[in-house]
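Coordinates in review
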Amino acid sequence: MNSSSARPENPSLPFRKSRMESGQLHPTAPTQISSRTSPQYEAKLEEPISSNAVWYSLLKMGNTVPGPDDISYQELKRVDPNATILTQIFQACFQMRAVPPSWKESSSILLHKKGDAEDLGNWRPIMLGNTIAKLHTAVLADRLRRWAVTTRQLSKAQKGFMEFEGCLEHNFVVQSTIEETKRTSRQACFTGLDL
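Here the residue numbers are simple positions, counted from 1 along each chain's written sequence. The model is predicted, so local features are restricted to residues of pLDDT at least 70 and side-chain atom pairs to those at 80 or more, both for listing and for counting; the totals for chains, interfaces and linings are taken over all residues. The side-chain quantities take in all heavy atoms of the structure and omit both hydrogens and water.

Per an unreviewed UniProt entry, the chain goes by the name Reverse transcriptase and belongs to Cordylochernes scorpioides.

Here is the structure:
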């Protein structure tokens, strides 16, 4: 290929290549935060984790089957009613930028879906993660979601996993379009994308 027809190289590519090779950067990760943010908002991501944030996430957790740690969310609420101990643990992890190796462990079980229980194809494997690790992840995800909403980093099309039930808006648009196409004898085409 001659050099005049080659695409110009992205100026951040050498930096990205070295970060990817060292395992520090996912290949599709942006190299910088959008210019729409200010240092004030970026600092929000570095603030200490609050016990209110941990307690809020803990209250949202359902009564699910515990993972290898064999700890339920109900037990965490009972033992640490204000989430002060959990907050200290999560803050230490946040400052060290690391989590205990046991938080990365999970166990798998098989759940029967339907049909003949003797047929292995009628069973579905699910992974059970450690309860404390899932709570830690929920706290960080909530922080990141709030930051992304505040700084308008998300697409306006993002409806799932938001504070409000945005999927209802998408459902309304689809239903309205179906009704309109029936009323006007036109055709419509829909595509769903769920990542």
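Details of the packing of helix H3 (residues 51–60) against helix H6 (residues 131–150)
We count it as follows: For helices, the fitted axis covers only the stretch in contact; all axes are lines through C-alpha atoms, and the angles between them, taken along N-to-C directions, range from 0 to 180 degrees. Numbering of helices and strands runs from the N terminus, with a helix taken as a DSSP run of H or I at least four residues long and a strand as a DSSP run of E at least two residues long. By definition in this entry, angles of less than 35 degrees are roughly parallel, angles greater than 145 are roughly antiparallel, angles of 65 to 115 are roughly perpendicular, and the rest are oblique. Helix crossings fall into two classes, left-handed where the near helix is turned counterclockwise from the far one by less than a right angle and right-handed where it is turned clockwise. Should any heavy atoms of two residues lie within 4.5 Å, those residues are considered in contact. Residues are grouped as follows: Ala, Val, Leu, Ile, Met, Phe, Trp, Tyr, Cys and Pro are nonpolar; Asp, Glu, Lys and Arg are charged; all remaining types, including Gly, are polar.
The contact between H3 and H6 brings their axes to 9 Å, and the two run at 110°. One way to sum up the angle between H3 and H6 is to call them roughly perpendicular. The hand of the H3/H6 crossing is right-handed. Here H3 contributes Ala53, Val54, Tyr56, Ser57, Leu58 and Lys60 to the contact with H6, which in turn contributes Leu135, Ala138, Val139, Asp142 and Arg146. When its residues are assigned to classes, the contact of H3 with H6 shows 7 nonpolar, 1 polar and 3 charged.

As for the pattern of salt bridges
Note the following rule: What makes a salt bridge here is a side-chain nitrogen of Lys or Arg within 4 Å of a carboxyl oxygen of Asp or Glu, nothing more. The buried label goes to any residue with under 20% of its type's maximum accessible area, the exposed label to any with over 50%, and the partly exposed label to all in between, with areas taken from a 1.4 Å probe on protein chains only.
The tally for this structure, following the rule as stated, stands at 4 salt bridges. In this structure, Glu46 and Arg97 form a salt bridge, with 2.9 Å as the shortest nitrogen-oxygen distance. Here Glu46 is found in the loop between helix H2 (39–44) and H3, whereas its partner Arg97 is found in the loop between helix H5 (84–96) and strand E1 (106–112), with 51 residues between them in sequence. Of the charged contacts, one joins Arg146 and Asp142 as a salt bridge, the two residues approaching to 2.9 Å between their closest N and O atoms. With Arg146 and Asp142 both in helix H6 and 4 residues apart, the pair spans about one turn of that helix. You can call Arg146 partly exposed: its relative accessible area is 38%. According to the relative accessible area criterion, Asp142 is buried, its value standing at 8%. Salt bridges sharing common partners tie together Asp142, Arg145 and Arg146.

Quick word on the packing of aromatic side chains
Test applied: Only rings of Phe, Tyr and Trp enter the pairing, Trp through its six-membered ring, and a pair is recorded when the two centres are within 6.5 Å. The plane angle decides the type: under 30 degrees is stacked, over 60 is edge-to-face, the rest tilted. Here, over-ring charges are defined by two tests on the NZ atom of lysine or the CZ atom of arginine: distance to the ring centre within 6 Å, and angle to the ring normal within 35 degrees.
Applying the stated criterion across every chain yields a total of 1 aromatic pair. Here the guanidinium or amino end of Arg97 rests over the ring plane of Phe94, the centre of that ring lying 5.1 Å away. Its end group placed over the ring of Phe94, Arg143 keeps NZ or CZ at 5.2 Å from the ring centre.

Here's the deal with the side chain of His136
Residue position: His136 is located in helix H6. Among residues more than four places away in sequence, those in contact with His136 are Phe90, Cys93, Val99 and Trp103.

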